[in-house]
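Structure at a glance
Okay, here's what each chain looks like letter by letter:
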Amino acid sequence: MKEYFREKMLELLHGQQYKSLHDLLEEMNTADIAEIFQSLDDADMIIAYRLLNKDDAVEVFAELENEDQEKLINALTDKELYEVTSNLLADDAADLIEEMPSNVVKRILRNTDSKKRAIINQLLNYPEDSAGSYMTVEFVDLKANMTVRDAFTRIRKIGFDTETVYTCYVLSSERVLEGIVTLKELLLADYDTKLRDMMETNLITVHTHDDIEFVAKQTEKYGLITMPVVDGEERLVGIITIDDVLEVIQDETTEDFELMNALAPAEDTYFRTTVWEHSKNRIVWLLVLMLSSAITGTIITKYEMAFEAIPALVGFIPMLMNTGGNCGSQSSTLVIRGMAVDEIHLRDFFKVLWKEIRISVLVGVVLCVLNMVRIMIQYQDFSIAFVVSITLFVIVMVSQMLGCCLPMLARRLKMDPAIMAAPLITTVVDTCSVLVYFSIAVRVLNIG
């Protein structure tokens, strides 16, 4: 469907059938329009953008990537730019200014009214990744002594300039949040009912300096579509809507995936990140892991005498290292995810460790027995089968305990637990596997 609209849009553009293109754009969702615009040539995008009605133009502009917004800003007249910026929600305008080069920022601010400029500056002063930097200040505010009829009058008056009307906030004269009432509750209530008699007073709020990841978790936990943001004096200063929460969750998930695969988190999408940035994000961790792996090589060299005495021992090294790495990765992945969704906390350290010990015993016994049977059939050598199987059992135990402990240690050290994922766990476990293997072999087989 998207490809059909794109082809139709190009056909009308190149045929200069601008009235038909305007009608087509009227039928489309603004998110789809923005997605198609980003695949058009600059000239075509600018022409098509000017055919949008005022409301759609603002919504499409907010959906575009930063570089496309910059192209439009440079192409628009001051009057057109004023129409866009004056109708942008304050949080979207703040995000825009934060990402634009200084010369573009100056032009945007020059074409923004003074009231909105003050709000934008206020939002930009909050710390990055705080609730204050994500909130919007446009919301429906009501008074407790209002009736439902008064509330509807107020919503009709200011609703067009707010991000949402589905949740309304009852404030005192000092703008302290007293209660919340939803549009559904207003629609179902008698017109003469006072808001103080129907508003929800068991309030869930966050503060302006709370971390946005905490806000996202609270929003998800309580099933909210908007989260009120209050200042130090409990005055309502803004709200965070569900679309911003979903964006935060997506960004945090992406960052965790990058960290779990030994990548420094990127600031932009894959295609918008340069080759140099991609290389820089990868090389540091690859270098660390490469040098760490050298320790394994040093240990293997130390036990050359074991190879000479029983060459068959060498053939089991890959199996032992891979099994240990896989066990550690499984354990760390579950613990990291558990901490990410607030199921596992630092206070659960010994509870998690005890659970992983029991799991590793069961897994280790099964792998140990099956491995011993396989080696006996293949080599008919009980001593080698015993050494390899006992080593396998110990490695499973050690790797799963490391897999659960290291992410929790990272959290204790105020680091992201995701860094203790597969690549790092595998490297640590590889070293432990070789050390355990040859330590057991030397003692059991009396080598050296």
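You'll find the structure just up there.
Each chain carries its own residue numbering, running from 1 in the written order of its sequence. Where local features are concerned, this predicted model is filtered to residues with pLDDT of at least 70; where side-chain atom pairs are given and counted, the filter is 80 or more; whole-chain, interface and lining totals use all residues. For side-chain calculations, the full set of non-hydrogen atoms in the structure is used, while hydrogens and water are omitted.

Strand order in the open sheet formed by three strands is S1-S2-S3, and the pairing between neighbours is mixed. Looking at which strands have only one partner, the edges of the open sheet turn out to be strand S1 (141-142) and strand S3 (177-182). Pairing of S1 with strand S2 (residues 167-171) involves two bridges; the strand directions are parallel. Within S2, the position partnered with Asp-141 by the bridge is Tyr-169. In short, DSSP must find at least two bridges between two strands for them to pair. To qualify as a helix, a DSSP run of H or I must reach at least 4 residues; to qualify as a strand, a run of E must reach at least 2; elements of each kind are numbered from the N terminus.

Here we take up the packing of helix H5 (residues 54-63) against helix H7 (residues 78-87). Remark: H5 packs on H7, axes separated minimally by 9 Å, with the N-to-C direction vectors making an angle of 75°. Of the possible angle classes, the one that applies to H5 and H7 is roughly perpendicular. Touching Lys-54, Val-58 and Phe-61 of H5 are Glu-83, Val-84 and Asn-87, all from H7. For this classification, the nonpolar set comprises Ala, Val, Leu, Ile, Met, Phe, Trp, Tyr, Cys and Pro, the charged set comprises Asp, Glu, Lys and Arg, and every other residue, Gly included, is treated as polar. Class assignment of the residues belonging to the contact of H5 with H7 gives a composition of three nonpolar, one polar and two charged. Note on geometry: axes are C-alpha line fits, over the in-contact stretch for helices, and angles between N-to-C directions span 0 to 180 degrees. Here the word oblique covers every angle except those under 35 degrees (roughly parallel), over 145 (roughly antiparallel) and from 65 to 115 (roughly perpendicular). When checking whether two residues touch, look at their non-hydrogen atoms; a contact exists if any pair is within 4.5 Å.

A few words now on the pairing of strand S6 (residues 236-241). Partly exposed residues are those whose accessible area sits between 20% and 50% of the maximum for their type, while under 20% is buried and over 50% is exposed, using a 1.4 Å probe and protein chains only. Counted residue by residue, S6 has six buried out of six residues, so it is predominantly covered. In this structure, the hairpin formed by strand S5 (residues 226-230) and S6 is closed by a connection of five residues, where Glu-234 is found at a positive phi of approximately 65°.

To count toward a patch, a residue needs a relative accessible area over 30% and no salt bridge; like charges are then connected within 9 Å, while nonpolar side chains (Val, Leu, Ile, Met, Phe, Trp, Tyr) are connected within 5 Å. What sets the accessible areas is the Shrake-Rupley method with a 1.4 Å probe; for residues, cover comes only from the shown protein chains. The term salt bridge refers to a side-chain nitrogen of Lys or Arg lying within 4 Å of a carboxyl oxygen of Asp or Glu. Note that His is not counted, nor are the chain ends; the positive residues are Lys and Arg, and the negative ones are Asp and Glu. One atom stands in for each charge, and that atom is NZ of Lys, CZ of Arg, CG of Asp or CD of Glu. A surface patch of negative charge is lined by Asp-55, Glu-59, Glu-63, Asp-95, Glu-98, Glu-99, Glu-128, Asp-129, Asp-211, Asp-243, Glu-247 and Asp-251. Elements represented by at least two residues in the negative patch include exactly H5, helix H8 (90-99) and helix H15 (242-260). Within the fold, Asp-95 resides in helix H8. Judged by its relative accessible area of 35%, Asp-95 falls in the partly exposed class.

Here the focus is helix H1 (residues 2-14). For a helix, the expected span equals 1.5 Å multiplied by the residue count minus one. For H1, which comprises 13 residues, the first-to-last C-alpha distance of 18 Å matches the rise-based estimate of 18 Å (1.5 Å per residue) to within 8%. Here H1 has its buried residues at Phe-5, Met-9, Leu-10, Leu-12 and Leu-13. In a view along the axis of H1, the buried residues occupy a sector of 165°, so they form one face of it. Comment: arc refers to directions from the helix axis out to C-beta atoms.

Bringing a nonpolar patch on the surface into the picture now. Taken together, the side chains of Tyr-166, Ile-225, Ile-242, Leu-246 and Ile-249 present a nonpolar region at the surface, about 470 Å² in accessible area. In this structure, Ile-225 sits in the loop between helix H14 (212-222) and S5. Residue Ile-225 is classed as partly exposed on the basis of its relative accessible area of 45%.

The next subject is the packing of aromatic side chains. The aromatic pairing rule takes the rings of Phe, Tyr and Trp, using the six-membered ring of Trp, and pairs them if the centres are within 6.5 Å, calling planes under 30 degrees apart stacked, those over 60 edge-to-face and the rest tilted. Scanning the entire structure with this criterion turns up six aromatic pairs. Measuring from centroid to centroid gives 6.0 Å for Phe-152 and Tyr-191, while their planes differ by 55°, and the two rings are tilted. Taken as a pair, Phe-152 in helix H12 (residues 148-158) and Tyr-191 in the loop between helix H13 (183-188) and strand S4 (206-207) lie far apart in primary sequence, 39 residues in all. Residues Tyr-437 and Phe-438 carry aromatic rings whose centres are separated by 5.0 Å and whose planes lie at 45° to one another, so their mutual orientation is tilted. Accessibility classification places Tyr-437 together with Phe-438 in one group, the buried group.

Here we take up the packing of helix H18 (residues 317-340) against helix H19 (residues 349-379). Packing of H18 against H19 leaves a shortest axis separation of 12 Å and a crossing angle of 155°. In terms of their interaxial angle, H18 and H19 are classed as roughly antiparallel. Judged by the twist between their axes, the crossing of H18 over H19 is right-handed. Where H18 approaches H19, its residues Met-319, Thr-323, Ser-331 and Val-335 are matched on the opposing element by Val-352, Glu-356, Leu-367, Asn-371 and Arg-374. The crossing is said to be left-handed when, going from far helix to near helix, the turn is anticlockwise and less than a right angle, and right-handed when the turn is clockwise.

The topology assignment puts Ser-389 in helix H20 (residues 382-412). Pairs of N or O atoms within 3.5 Å make up the polar contacts considered here, provided that, within protein, one atom can donate a hydrogen while the other can accept it, and that residues adjacent in sequence are counted only when both atoms are side-chain atoms. A distance of 3.4 Å separates a polar atom in the side chain of Ser-389 from the backbone oxygen of Cys-368. In this view, Ser-389 contacts Cys-368, Asn-371 and Met-372; residues no more than four positions away in its chain are not counted.

Attention shifts here to the sheet that holds S4. Sheet strands pair by backbone hydrogen bonding; their relative direction is either parallel or antiparallel. Sheet architecture is open: three strands sit in the order S4-S5-S6, paired in mixed fashion. Among the strands making up the open sheet, the edge pair consists of S4 and S6. Both S4 and S5 contribute to a ladder of two bridges, which runs parallel. Within S5, the residue paired with Val-206 across the bridge is Val-229.

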